[in-house]
Amino acid sequence: MDSSVRAVVWRLIRPGALAAVQGLAVALLSLTTNVALFVLSVVSLALIPALGIGFAIFPAVTVLVRASLTLQRRLSRWSGAPIASPYAPVPAGARIGTWRRFRWVVGDPATWRDFAWLIPGAITGGVCLLAFVLPAYGLEGVLFVPLVLYLTIDWYGYGVFWPMDNLAKAWLAAPQGWLLLAGGLVAARWLMWLHFRFAGLFLAPTRAQELALRVRHLTATRADTIDTQAAELRRIERDLHDGAQARLVALRMSIGLAEKLLADDPVAAQRLLSEAQEASGHALAELRDLVRGIYPPVLAERGLDGAVQALALAVPMPVDLDVQLAGSPPAAVESAAYFAVAEALTNVTKHSGAGRAWIQLFYDDGVLKMVVGDDGRGGATVDAGTGLAGVRRRLAAFDGTMTVTSPPGGPTVVTMELPCELSSPRISPSSGTG
Ligand SMILES: Nc1ncnc2c1ncn2[C@@H]1O[C@H](COP(=O)(O)OP(=O)(O)OP(=O)(O)O)[C@@H](O)[C@H]1O
Ligand SMILES: [Mg+2]
């Protein structure tokens, strides 16, 4: 088969084949865990009035139910529409066995919606078995039955789950198998989609839960933003105190001394004045650096795309740059994006030992995406230093996210996303520095 034809066929078959395997996994998981957890939940609920120990057992069973359904929510991304988690965080001090924990579990509507899902989930999960069985049966007809016929024609009578009680039916196995295989692969995708849509009715957060989660997220990011700003102010204050202020004090003393010496020792006075001039140069440079750290002038002059290109030029290795921005984000977002890329690039220079790096910057579906990658040694972790953790906090203030993939041996890829609007369309260049 010609390779381009093979590629097209594979592209058609692959999603169905994936859905078939995923259907098998979903069916096995739902049929076993949902039923077992349903039985456990009913028993633990029954124990509440009977013995009272249900007060401890029911919340413990809820932990298992939540773990299992969290996995099922994760799997829902197979259908292209991931289901978010609806749970409220455990209140402080609400350990299993305490009345507080019991009240929290019973009062959370997610507990009862999870419970309501267990049996319907086992049924629709079980139906997902068809996603695997139909194409697998078709494949058997296509491959195995002709093989049996080829090896020893006498075997046809045994059928291999196929209706092969006579030779004519056996020969028909292949065309029927092809039909079943093709139909099964299409049906597999639909079955998975339907299953997860149905799951969403029980497992996705309700509007009220979504709003509660949103409020919690905003509260946390607001606190982080305030912390970050306070830290930033402290840094500026420290930089001014230790840097420019110290130099200006020295400058003032030098000029004062020079003034006193001017009449008696003009040579020494001149030396002091030239020292003072030098100190004023340093003070100016430090002030300039400080200003650059607050809002880099390059951003104002050249926009985010130009500023990122300037950052790439300063990296001591070839950097592939792919910048596609048809406008500029709001200034605050732009500055957060700039500092995030700058930190990721500093890390590449400092830690990666890479021979090559790449930057992608583009806007897609309301989100500004920035990817900084390198082919270095990998092993980056967000919480090891203050840089990446700071970037995550900085982006979270704008509802943005950062993910780091950095297996040992590399490559390291830092992906950052910032939801925002772009203004004033303009065409941006795209180039490489390597
Ligand atoms: N591109 C990279 N390649 C390899 N390791 C990395 C990379 N980026 C980060 N790391 C590792 O992850 C750790 C955390 O990075 P982070 O930026 O948070 O801290 P840092 O660079 O060590 O210190 P800081 O940024 O606070 O000056 C680093 O110490 C380094 O070991
Ligand atoms: Mg760093």
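Bear in mind that the values here come from a model prediction, so they are computed numbers and not experimental data. (Residues numbered from 1 in each chain as written. Chains lettered and ligands numbered in written order. Predicted model: local features only at pLDDT ≥ 70, side-chain atom pairs only at ≥ 80, totals over all residues.)

A. Highlighting the overall build of the protein chain. Of the regular secondary structure elements, the protein chain holds eleven helices and five strands. Here the protein chain has a C-alpha radius of gyration of 33 Å; the compact-globule value for 434 residues is 22 Å, and the former is much larger. Taken along its principal axes, the extent of the C-alpha atoms in the protein chain is 125 × 70 × 40 Å. Classification of the 434 residues of the protein chain by burial places 29% in the buried group. Look at the contacts in the protein chain between residues 6 or more apart in sequence, and 71% of them connect residues 24 or more apart. (Helix = DSSP H or I, 4+ residues; strand = E, 2+ residues; numbered from the N terminus. Rg over C-alpha atoms; globule rule 2.2 N^0.38 Å. Buried ≥ 20, exposed ≤ 12 C-beta atoms within 10 Å, placed from the backbone. Contact = placed C-beta atoms within 7 Å.)

B. Focus on the packing of helix α9 (residues 297-313) against helix α10 (residues 331-352). Look at α9 against α10: their axes get within 10 Å of each other, and the N-to-C directions meet at 20°. As far as their axial angle goes, α10 and α9 are roughly parallel. Seen from above, α9 lies across α10 with left-handed handedness. For the pair α9 and α10, contact is made by L299, L304, A307, V308 and L311 and by E334, S335, A337, Y338, V341, A342 and L345, respectively. Among the residues forming the contact of α9 with α10, the class breakdown is ten nonpolar, one polar and one charged. (Axes fitted to C-alpha atoms, helices over the stretch in contact; angles between N-to-C directions. Parallel < 35°, antiparallel > 145°, perpendicular 65-115°, else oblique. Left-handed = near helix turned anticlockwise from the far one by under 90°. Nonpolar A, V, L, I, M, F, W, Y, C, P; charged D, E, K, R; others polar.)

C. Representation of α10. The terminal C-alpha atoms of α10, which comprises 22 residues, lie 30 Å apart, in line with the 32 Å expected from a rise of 1.5 Å per residue. G353 sits one or two positions beyond α10 and adopts a positive phi of about 65°. (Expected span 1.5 Å × (residues − 1).)

D. Just helix α4 (residues 109-127), in detail. Relative to the 27 Å expected for 19 residues at 1.5 Å per residue, α4 spans 27 Å between its end C-alpha atoms, a close match to the ideal helical length. The sharpest bend along α4 comes to roughly 40°, located at L118, with the proline P120 sitting one to four residues further on. The complete set of buried residues in α4 reads A110, T111, D114, W117, L118, G121, A122, T124 and G125. (Bend = angle between axes of the 7 residues up to and from the residue.)

E. Seen up close, the pairing of strand β3 (residues 367-374). When strand β2 (residues 357-364) meets β3, the two strands line up antiparallel, connected through eight bridges. Residue pairing across strands places Q360 opposite V371, the latter belonging to β3. Once β2 ends, the chain turns through two residues before running back antiparallel as β3, passing D365 with a positive phi of about 55°. Examined bridge by bridge, β3 and strand β5 (residues 412-419) share eight bridges and lie antiparallel to one another. Bridging across to β5, G373 finds its partner in V413. (Pairing = 2+ DSSP bridges.)

F. Up close: the sheet that holds β5. If you trace the five strands from one edge of the open sheet to the other, you get β1-β2-β3-β5-β4, paired in mixed fashion. Each of the sheet's edge strands pairs with one partner strand only, and the pair in question is β1 (319-324) and β4 (401-405). If you compare each strand with its neighbour and ignore which way they point, the axes differ by 10° on average. Those strands touched by α10 are β2, β3 and β5, and its axis lies near 10° from that of β3. Sitting on the sheet, helix α11 (residues 387-396) is in contact with β4 and β5, with an inclination near 150° to β4.

G. Region of interest: the pairing of β1. Here β1 runs beside β2; their pairing, made up of six bridges, is parallel. Each residue of the ladder has a partner; that of Q324, found in β2, is F362. Tracing the backbone out of β1, into α10 and back to the parallel element β2 gives a crossover that is left-handed. (Right-handed = clockwise from strand over helix to strand, strands pointing away.)

H. Spatial organisation of the nonpolar core. Counting residues in hydrophobic clusters, the biggest one holds 35 residues, and the most contacted among them are A337, A340, V341, I359 and L418. Every element with two or more residues in this core is listed here: α9, β1, α10, β2, β3, α11 and β5. For this core, the element with the most residues is α10, which contributes nine residues. When residues no more than four places from it in sequence are discounted, the contact partners of A337 are L304, P329, L368, M370 and L418. I83, W117, L185 and F196 belong to the second-largest nonpolar core, a separate cluster that totals 31 residues. (Core = buried A, V, L, I, M, F, W, Y, C linked by C-beta atoms within 7 Å.)

I. Molecular detail of the environment of V142. Mapping V142 onto the fold places it in helix α5 (residues 129-151). Given 19 C-beta atoms within 10 Å, V142 falls into the partly exposed group. A sequence separation of 24 residues divides V142 from L118, and the C-alpha atoms of the two residues are 37 Å apart. When sequence neighbours within four positions are dropped, the list of residues in contact with V142 reads A174, G177, W178 and L181.

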